[in-house]
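# Examining the three-dimensional arrangement
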Amino acid sequence: MTSARFRRLAIVGREGAGPDRIRTALEEVTAVAREFGASVAVEPRLAAMVPGVDTVDVGREHIDLLISLGGDGTLLRAARSVFGRDIPVLGINLGSLGFLTSVSAEGTASGLRQVLGGRYAIEKRRTLEAEVRSPEGEVRDAYRVLNDVVVHNAGAARVLLLDLRVGPQDEPDEIGSFSGDGVILATPTGSTAYSLSAGGPIVVPEMNCFLVTPILPHTLAVRPLVVPGREEITVTALDRREPLFLTADGQEGGPVGHLDRVVVRMGAVRTRLVRLPGHSFFATLRQKLNWAARPADGG
């Protein structure tokens, strides 16, 4: 029998992963679900690949388990579609790195059998909330992310001037201003994404904190900062020439004008990621990033 919690499965996928790979994974998921008496539905963009399977509006309809077919970008999109709902996300990696995913393409059937048989764990990953506020304090845009919020240049390659402050809006403490290519505000989950490429530290997902990582700062004195999860970070665009841009999880965003403030805080909800037995954060670091790998014998 299927796990009492996972009777209705929904699937989202990255078409760019290759139609054959997507189709094979969809067929395997569907077959295993039937073994356990679970139903399967797919987002509309995948319907043509598995004729006869129902479609589902993931953001609105009832589901028990959301399965992501693709890489980390697909999992981020899947996670955002169920923010605020008690729906676990299982990532099946059809991409290249797949740091956030739990199951390899080759292990699709066996991995899903473990999950539907009740042999899994749930990791609750922290999220961030970001607001873009006008100089008068009006909230123009709001975002929720699993990985990161990035404030950066939307136009020509040139350095930006940003002001950073920490603390409540009525009395924030000045961190300082700096010139550079932008700034990344990342969760512990996002510490192994863009922030890592920009020189930020790796943070264990259980930590209640978030990262402030400058992108190519124009001074050696500016370094990545780890901030307690109870704080707020305010980034103010001091550049007068052209609007900056905010990118949320690398997939959506909007403009940030002169003297606009981007206010970032720890999110009220957490993303629930499904993990198989034996899957750990440090094992993933070793396997995916070759972190702390032992030298070859005799090396």
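Residues numbered from 1 in each chain as written. Predicted model: local features only at pLDDT ≥ 70, side-chain atom pairs only at ≥ 80, totals over all residues. Heavy atoms only, no water.

## So, the overall build of the chain
- In terms of helices and strands, the chain carries five helices and 18 strands.
- Relative to the globule expectation of 19 Å for 299 residues, the C-alpha radius of gyration of the chain, 21 Å, shows essentially globular dimensions.
- Taking the principal axes of its C-alpha atoms as reference, the chain extends roughly 60 × 55 × 35 Å.
- Here the chain holds 299 residues, and the buried ones make up 52% of them.
- In the chain, the proportion of contacts linking residues at least 24 apart, taken out of those at least 6 apart, comes to 67%.
- For the chain, the accessible surface area stands at approximately 13700 Å², while carbon and sulfur atoms represent 50% of it.
- Positive and negative side-chain charges of the chain, numbering 34 and 35 respectively, have mean locations separated by a distance of 5 Å. (Helix = DSSP H or I, 4+ residues; strand = E, 2+ residues; numbered from the N terminus. Rg over C-alpha atoms; globule rule 2.2 N^0.38 Å. Buried < 20%, exposed > 50% of the residue type's maximum accessible area, 1.4 Å probe, protein only. Contact = heavy atoms within 4.5 Å. Areas by Shrake-Rupley, 256 points an atom, 1.4 Å probe, with all protein chains shown as cover. Lys, Arg positive; Asp, Glu negative; His and termini not counted. Charge placed at Lys NZ, Arg CZ, Asp CG, Glu CD.)

## Brief notes about the pattern of salt bridges
- For the coordinates displayed, the defined rule picks out 17 salt bridges.
- Two residues, E131 and R133, come together in a salt bridge whose shortest N-O distance is 2.7 Å. Of the two residues examined, E131 and R133, each falls in the buried class.
- Between R140 and D260 there is a salt bridge, with its nearest N and O atoms 2.3 Å apart. On the criterion of sequence distance, the pair formed by R140 in strand 8 (residues 139-145) and D260 in the loop between strand 17 (252-256) and strand 18 (261-275) is long-range, its members being 120 residues apart.
- Linked by salt bridges that have partners in common, E129, E131, R133, E232 and R265 make up one network. (Salt bridge = Lys/Arg side-chain N within 4 Å of Asp/Glu carboxyl O.)

## With respect to the side chain of T271
- Inspection of the secondary structure assignment puts T271 in strand 18.
- On the accessibility criterion, T271 (4% relative accessible area) is buried.
- When near neighbours in sequence (up to four residues on either side) are disregarded, T271 contacts A79, F83, E123, K124, R125, T127 and L146.

## Some words on the nonpolar core
- Judged by nonpolar contacts, the single largest core of 31 residues is most densely connected at L9, I11, L26, L65, I67, L69 and L90.
- Among the elements that take part in this core, helix 1 (residues 19-35) stands out by supplying six residues, more than any other.
- Core analysis: the next-biggest nonpolar cluster, separate from the first, contains 28 residues, L162, F210, A237 and V256 among them. (Core = buried A, V, L, I, M, F, W, Y, C linked by side-chain atoms within 4.5 Å.)

## What to know about unusual backbone geometry
- Not every positive phi belongs to a glycine, and L216 is a case in point at roughly 45 degrees.
- Take L216: it is sitting in the loop between strand 13 (209-215) and strand 14 (225-228).
- Its identity is not glycine, yet D249 carries a phi of approximately 55 degrees, on the positive side.
- With respect to the helices, strands and loops of the structure, D249 is situated in the loop between strand 16 (244-248) and strand 17.
- Judged by its relative accessible area of 5%, D249 falls in the buried class.

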